[in-house]
Amino acid sequence: MGSWSKLFGKSKEMEEMSNVKLAVVFYSMGGTNYQLAKWAEEGAKAAGAEVKVLKVEELAPASVIEGNEAWKATVDATKDVPVVTSEDLEWADAIIFSVPTRFGNMPSQMKQFLDTQGGLWASGKTVNKVVSAMTSAQNPHGGQEATLLSLYTSMMHWGAIIATPGYTDPVTFGAGGNPYGTSVTVGQDGKMIEDVEAAVKHQAKRTVTVAEWVKKGNQ
Ligand SMILES: Cc1cc2nc3c(=O)[nH]c(=O)nc-3n(C[C@H](O)[C@H](O)[C@H](O)COP(=O)(O)O)c2cc1C
């Protein structure tokens, strides 16, 4: 590119920037879903998105958390992560949720956050958000798909556009093959069993890409 186009033209890098604003909203007790959220951030940033990583508010009493070393460590590790607000959702073109499985469902902390978005929903501001979800569970068949579906059910009410990974990239197979959204098994020691980093990054990139298509088509 010549100097004129450097000043006034769009560089190739600028053209590749997606312009998509992505909120990665997570809840985590043992740190797994915080890690998934950070990988999603990396994947989305590599795809050119502007990203905010945000946690939902903790609802458990401090006395309960204090008695659990892993939980306490996660609260400490995420103390500087902002708590998600309605304004963050309004800002976002796309949202990736990441939650642990709780009896085959999303945790109450995430449900409480969704249930306080009635105002945003009523004003039509949840419509056309491109959404995707990730999860973890202690057992390989511990309710991962059900947890993802619990989130997606609410998203259907929001008029959001659900962008699942499906089998759009072979990385999904190496990560356990969940087409609903990346899921990982977490052992008793709190360590992830499958290597899902690439699958998370692919899911993030795909979410950003679909959001980009929606944004362009809506202009
Ligand atoms: C109240 C409760 C319910 C849980 N329910 C399930 C379950 O239904 N199936 C399962 O495999 N694991 C279950 N687990 C294990 C969590 O899913 C697991 O610890 C979590 O995915 C780790 O994610 P995190 O490190 O982000 O907290 C449960 C854990 C708790 C505390």
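Residues numbered from 1 in each chain as written. Predicted model: local features only at pLDDT ≥ 70, side-chain atom pairs only at ≥ 80, totals over all residues. Heavy atoms only, no water.

### Comments concerning the confidence of the model for the chain
Going by this rule: Known as pLDDT, the predictor's per-residue confidence is scaled from 0 to 100. Residues are treated as being in contact if the distance between any of their heavy atoms lies within 4.5 Å.
On average, residues of the chain score 93 in pLDDT, and 92% of them reach the 70 mark or higher. Low pLDDT, under 50, characterises residues 1-11; the stretch is placed with six contacts to residues that sit more than four places away or in other chains.

### Looking at the layout of surface pockets
Quick reminder of the rule: Of the two site types, the cavity is a set of points on a 1 Å grid over the protein atoms alone where a 1.4 Å probe fits but cannot get out, and the pocket is an open set with protein on both sides within 12 Å along at least five of seven lines, each lined by residues with an atom within 4 Å of a point. Grid points are joined across faces, edges and corners, and a volume is the space filled by probe spheres set on the points. Numbered from the N terminus, helices here are DSSP runs of H or I no shorter than four residues, and strands are runs of E no shorter than two. Residues were grouped as follows: Ala, Val, Leu, Ile, Met, Phe, Trp, Tyr, Cys and Pro as nonpolar; Asp, Glu, Lys and Arg as charged; and all remaining residues, including Gly, as polar.
If you add up the space inside the largest pocket, you get close to 530 Å³. Lining the largest pocket are 23 residues, with G30, P100, R102, Q138 and V186 positioned closest to its centre. Of all the secondary-structure elements, those providing two or more residues to the lining of the largest pocket are helix 3 (32-46), helix 5 (69-77) and strand 4 (130-137). Counted by class, the lining of the largest pocket contains seven nonpolar, 15 polar and one charged residues.

### Some words on the site of the ligand
This is how the line gets drawn: Any residue with a heavy atom lying within 4 Å of a molecule or strand is counted as near it. Pairing of N or O atoms within 3.5 Å defines a polar contact, subject to two protein rules: one partner must be a possible hydrogen donor and the other a possible acceptor, and residues neighboring in sequence count only if both atoms are side-chain atoms. Accessible areas in this description were obtained via Shrake-Rupley with a 1.4 Å probe; residue shielding takes into account the shown protein chains only. Assignment to a cavity or pocket requires that more than half of a molecule's atoms be within 2 Å of the site's grid points.
Lining the immediate surroundings of the ligand are 16 residues, of which S28, G30, T32, S136 and G142 lie closest. G104 places a polar main-chain atom, nitrogen or oxygen, 3.2 Å from an oxygen atom of the ligand. In isolation the ligand offers 640 Å² of accessible surface; the protein chains occlude 78% of this area. Given that more than half its atoms are within 2 Å of the pocket grid, the ligand belongs to the largest pocket. Among the secondary structure elements, those contributing two or more residues to the shell around the ligand are helix 3 and strand 4. The class makeup of the residues in the shell around the ligand is four nonpolar, 11 polar and one charged.

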